Amino acid sequence: MSYAGLAVEREGPVGWLIFDRPKVGNAMDAAMLADLPKAWRELDEDPSVRVIVNTGNGPSFQTGLDVRQLAKDKDALREQSRRTKRAELLITAWHNKVATPVIAAVNGTCAGGGLHFVADADIVIAASDAVFCDPHVSVGQVSAFELIGLARRAAFEPTARMGLIGRHEKLPAERARQLGIVSEVVPPAELRDTARSLAGKIALNPPDEVRHIKQLLWRALEDPA
């Protein structure tokens, strides 16, 4: 099945969900926003897929909403604003209750709403030239869900710095690793092979137990009591 702005592929037990709008930094337009839940569902419901790798084509991983396109589609913009206000986003694996383990392989720029996919992945690896940034406040917007998600992975202060400083605070991959946002940094040319190898190791384990471990870990984060 084909999706707008997304490539869905399979390599044995590994499913790939790849952002594929490289000319606009893989930003999410209305069609891509509508198709993301379908793409996640397709991979999660496929019994042959034991791990999902999420990455991007081109020089960027994901740069959030395509505000230029959405400005021309008022209905889509209103719907996205409504979902954000009501905490009903449906863009990441966590939003869509994906039980299959997800590895985010961050290539290049990850900005704004793209941080959702980092915060909501189970494992995050990055290319050495990857950069993380949250420019919301610099354009008069409030960032909340992305930063709250990142704060579960990293220390509070670096997360706050990203939100409060905005586009002027760019976190390089190695610093993100030091802060616990990323678990491994590799040369750009090795990113997908590293993700593929890591996914393969996970796929060697019993799938039901792997999914159950994921669910228990996320449940503990959501309800630490």
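It should be noted that the structure appears before, not after, this text.
The notes below deal with the structure included here. All residue numbers here refer to positions counted from 1 along the written sequence of the relevant chain. Selection of residues for local features in this predicted model requires a pLDDT of at least 70, selection of side-chain atom pairs for listing and counting requires 80 or more, and totals for whole chains, interfaces and linings are taken over all residues. Excluding hydrogens and water, the side-chain figures rest on all heavy atoms present in the structure.

A word on the side chain of Asp44. Segments assigned H or I by DSSP are reported as helices when at least four residues long, segments assigned E as strands when at least two residues long, and all are numbered from the N terminus. If you trace the backbone, Asp44 turns up in helix H1 (residues 30-44). There is a polar contact of 3.2 Å between the side chain of Asp44 and the backbone nitrogen of Ala99. The residues contacting Asp44, other than those within four sequence positions of it, are Ile52, Lys97, Val98, Ala99, Thr100 and Arg211. Within 3.5 Å is the distance limit for a polar contact, defined as a pair of N or O atoms, with the added protein rule that one can donate a hydrogen and the other accept it, and that residues adjacent in sequence qualify only through two side-chain atoms. Note on definitions: a residue-residue contact is assigned when non-hydrogen atoms from the two residues lie within 4.5 Å.

Our next topic: the state of the cysteines. Two cysteine sulfur atoms form a disulfide, by the criterion used here, when they sit within 2.5 Å. In this structure the tally under the stated criterion is zero disulfides. With no disulfide of its own, Cys110 lies closest to Cys133 among cysteine sulfurs, the gap being 9.6 Å. Classification of residues uses two cut-offs on accessible area relative to the type maximum, computed with a 1.4 Å probe and protein chains only: under 20% is buried, over 50% is exposed, and between them is partly exposed. Exposure remark for Cys133: the relative accessible area of 7% places this residue in the buried category.

The subject of this paragraph is the pattern of salt bridges. What makes a salt bridge here is a side-chain nitrogen of Lys or Arg within 4 Å of a carboxyl oxygen of Asp or Glu, nothing more. Throughout the structure, instances matching the rule amount to twelve salt bridges. The residue Glu42 makes a salt bridge to Arg10 at a minimum N-O spacing of 2.9 Å. Residue Glu42 is located in helix H1, and its partner Arg10 is located in strand S1 (residues 6-11); the two are separated by 32 residues in the primary sequence. One network of salt bridges, with partners in common, ties together Arg10, Glu42 and Asp46.

None of the figures reported here should be taken as evidence of function without further support.
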